[in-house]
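Residues per chain are reported as follows:
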Amino acid sequence: MLTDLTWPDAGAAAGAILAVAVGATEQHGPHLPLSTDTDVAVALCARLAAARADVLVAPAIPYGASGEHAGFPGTLSIGQAALELLVVELCRSATDTFARILLVNWHGGNIEPLRRATELLRTESRDVRLYLPRFEGDPHAGRSETALQLALAPERVRGDRAAAGDTRPLAELLPLLRSGGVRAVSANGVLGDPAGATAAEGAALLEHLSADLLDRTRLWWPENSPERTGT
Ligand SMILES: [Zn+2]
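Note that the coordinates shown come from a computational prediction; the quantities given were computed from them, not determined experimentally.

About the criteria used
Residues numbered from 1 in each chain as written. Predicted model: local features only at pLDDT ≥ 70, side-chain atom pairs only at ≥ 80, totals over all residues. Heavy atoms only, no water. Axes fitted to C-alpha atoms, helices over the stretch in contact; angles between N-to-C directions. Helix = DSSP H or I, 4+ residues; strand = E, 2+ residues; numbered from the N terminus. Left-handed = near helix turned anticlockwise from the far one by under 90°. Contact = heavy atoms within 4.5 Å. Nonpolar A, V, L, I, M, F, W, Y, C, P; charged D, E, K, R; others polar. Buried < 20%, exposed > 50% of the residue type's maximum accessible area, 1.4 Å probe, protein only. Pairing = 2+ DSSP bridges. Core = buried A, V, L, I, M, F, W, Y, C linked by side-chain atoms within 4.5 Å. Phe/Tyr/Trp six-rings, centres within 6.5 Å; stacked < 30°, edge-to-face > 60°. Lys NZ or Arg CZ within 6 Å of the ring centre and 35° of its normal. Donors = N, O, S within 2.8 Å, 3.2 Å for Na, K, Ca; no water. Tetrahedral: all angles 85-135°; square planar, octahedral: opposite > 155°, others 65-115°. Right-handed = clockwise from strand over helix to strand, strands pointing away. Expected span 1.5 Å × (residues − 1).

Asks: Help me understand the packing of helix 2 (residues 36-51) against helix 5 (residues 143-152), please; the structure alone is not making it clear to me.
Replies: A pair of packed helices is characterised by two quantities: the angle between their axes and the separation of those axes. Contact geometry of helix 2 with helix 5 gives a least axis separation of 10 Å together with a crossing angle of 60°. When the axes of helix 2 and helix 5 are compared, the crossing they make is left-handed. In contact with T36, D37, D39, V40 and A43 of helix 2, helix 5 contributes E145, L148, Q149 and L152. Across the contact of helix 2 with helix 5, the residue classes break down as 4 nonpolar, 2 polar and 3 charged.

Asks: Would you mind showing me how to read the pairing of strand 3 (residues 100-105) here?
Replies: When a strand is regular, its side chains alternate between the sheet's two faces. Of all 6 residues in strand 3, 6 are buried, a share of seventy percent or more. Neither face of strand 3 is exposed, since R100, L102 and V104 on one face and I101, L103 and N105 on the opposite face are all buried. Across 6 bridges, the pairing between strand 1 (residues 17-22) and strand 3 is parallel. Residue pairing in the sheet places I17 in a bridge with R100 of strand 3. Direction of pairing for strand 3 relative to strand 4 (residues 127-131): parallel, over a ladder of 5 bridges.

Asks: Looking at this structure, how should I read the nonpolar core?
Replies: Soluble globular proteins tend to pack their nonpolar side chains together in the buried interior. The biggest cluster of nonpolar side chains holds 23 residues, and the ones touching the most others in it are L44, L102, V104, W106 and L213. Elements that contribute at least two residues to this core include exactly strand 1, helix 2, strand 2 (55-57), strand 3 and helix 7 (199-220). When sequence neighbours within four positions are dropped, the list of residues in contact with V104 reads V20, A21, V22, A41, L44, C45, Y131 and L213. Core analysis: the next-biggest nonpolar cluster, separate from the first, contains 22 residues, C91, I101, V128 and L130 among them.

Asks: Is there a simple way to think about unusual backbone geometry in this case?
Replies: Glycine aside, a negative phi is what most residues show, and trans is what most peptide bonds show. For S125, which is not a glycine, the phi torsion comes out positive at approximately 65°. As for its placement among the helices and strands, S125 is situated in the loop between helix 4 (111-123) and strand 4. On the basis of relative accessible area, S125 is assigned to the partly exposed category, the value being 45%. Of note, the phi angle at A141 is positive, near 60°, even though the residue is not glycine. By secondary structure assignment, the location of A141 is in the loop between strand 4 and helix 5. Here A141 falls in the buried class, since its relative accessible area comes to 0%.

Asks: I tried to follow the packing of aromatic side chains on my own but got confused; where do I start?
Replies: The description of an aromatic ring pair rests on the distance of the ring centres and on the angle between the ring planes. Enumeration according to the criterion identifies 2 aromatic pairs in this entry. The cationic tip of R183 hangs over the ring face of F72; the distance from NZ or CZ to the ring centre is 4.3 Å.

Asks: Would you explain the coordination of the zinc ion in this entry?
Replies: For a metal with four tetrahedral donors the ideal donor-metal-donor angle is 109.5 degrees, while six octahedral donors give ideal angles of 90 or 180 degrees. All of the protein donors around the zinc ion are H28 (NE2), D37 (OD), E145 (OE) and E145 (OE); their distances to the metal are 1.9 to 2.7 Å. Here the zinc ion is ringed by 4 donor atoms whose angles at the metal span 52 to 144°, and the overall shape comes out irregular. Read in sequence order, the donor residues coordinating the zinc ion give the pattern H-x8-D-x107-E. Pair noted here: H28 is in the loop between strand 1 and helix 2 and E145 is in helix 5, with a separation of 117 residues, a long-range link.

Asks: Could you clarify how one ought to interpret the pairing of strand 4 in this entry?
Replies: A large share of strand 4 lies buried, amounting to 5 of its 5 residues. Handedness of the crossover joining strand 3 and strand 4 through helix 4 is recorded here as right-handed.

Asks: Looking at this structure, I do not really get the environment of P73. What am I missing?
Replies: Tracing the chain through its elements places P73 in the loop between strand 2 and helix 3 (79-94). When the C-alpha positions of P73 and L34 are compared, they lie 9.8 Å apart, and in sequence the two are 39 residues distant.

Asks: Is there a simple way to think about the sheet that holds strand 2 in this case?
Replies: The strands making up a sheet associate through hydrogen bonds between their backbones, and the pairing can be parallel or antiparallel. Here 4 strands make up an open sheet; going across it, the order is 2-1-3-4 and the pairing parallel. The outermost strands of the open sheet, each flanked by one partner alone, are strand 2 and strand 4. On average, adjacent strands in this sheet sit at an angle of 25° to one another, irrespective of strand direction. Here helix 3 sits on the sheet in contact with strand 1, strand 3 and strand 4, set at roughly 150° to strand 3.

Asks: What exactly am I supposed to notice about helix 2 here?
Replies: Since one α-helical turn is 3.6 residues long, residues separated by three or four positions face the same way. Helix length check: helix 2 (16 residues) gives 23 Å between terminal C-alpha atoms against 22 Å at 1.5 Å per residue, within 8%. For helix 2, the full list of buried residues reads T36, D37, T38, V40, A41, A43, L44, C45 and L48. The secondary structure elements touched by the buried residues of helix 2 are strand 1, strand 2, strand 3, helix 5 and helix 7.

Written out as structure tokens, the structure is:
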């Protein structure tokens, strides 16, 4: 963890990849905590750091662009423009110390601003990469995220309140989500169905995602390679 270091330690670790989890504080149905997106992104960063000695984990960004979840109490959204600026300035500062920055995102609404921020940072010759997990699963607070949270922190899942939301495919829901947000399609905030989710399924999904993240970073930044300078 970066925050455990002193500044001379951080200076000595400048060759590390700095991993920054990007999450959200937003409703995840009546059964999952508001921190779910941040929790998953943090877990992926921690697993990467456990697998690669040259990865340091920064404090997570717990706020994202969650406008589509407005109207559900507890959702705290900073919007796309603020997230983009936050990430640009954070990475400009981080690249004063670290040549390689990895953003690990787990919230769909963050993707566009993160892509824009990453593109700008790369035109500034900063070696900033964005990891967007790909997996088959329901979009929001359904079986996949319930399984992941059961694997990470089962005591934080209110299983007795888990209920299906709108189970139509995301492609069909997207136009409705764009115009009216999640409120317009799902009264309980769930897109998908948490039924049948298990901790074992969540652990397997975490394993799959962690392996994919590790592969991806090896492609970008081979281990034991000469230190990159961000060009
Ligand atoms: Zn989520």
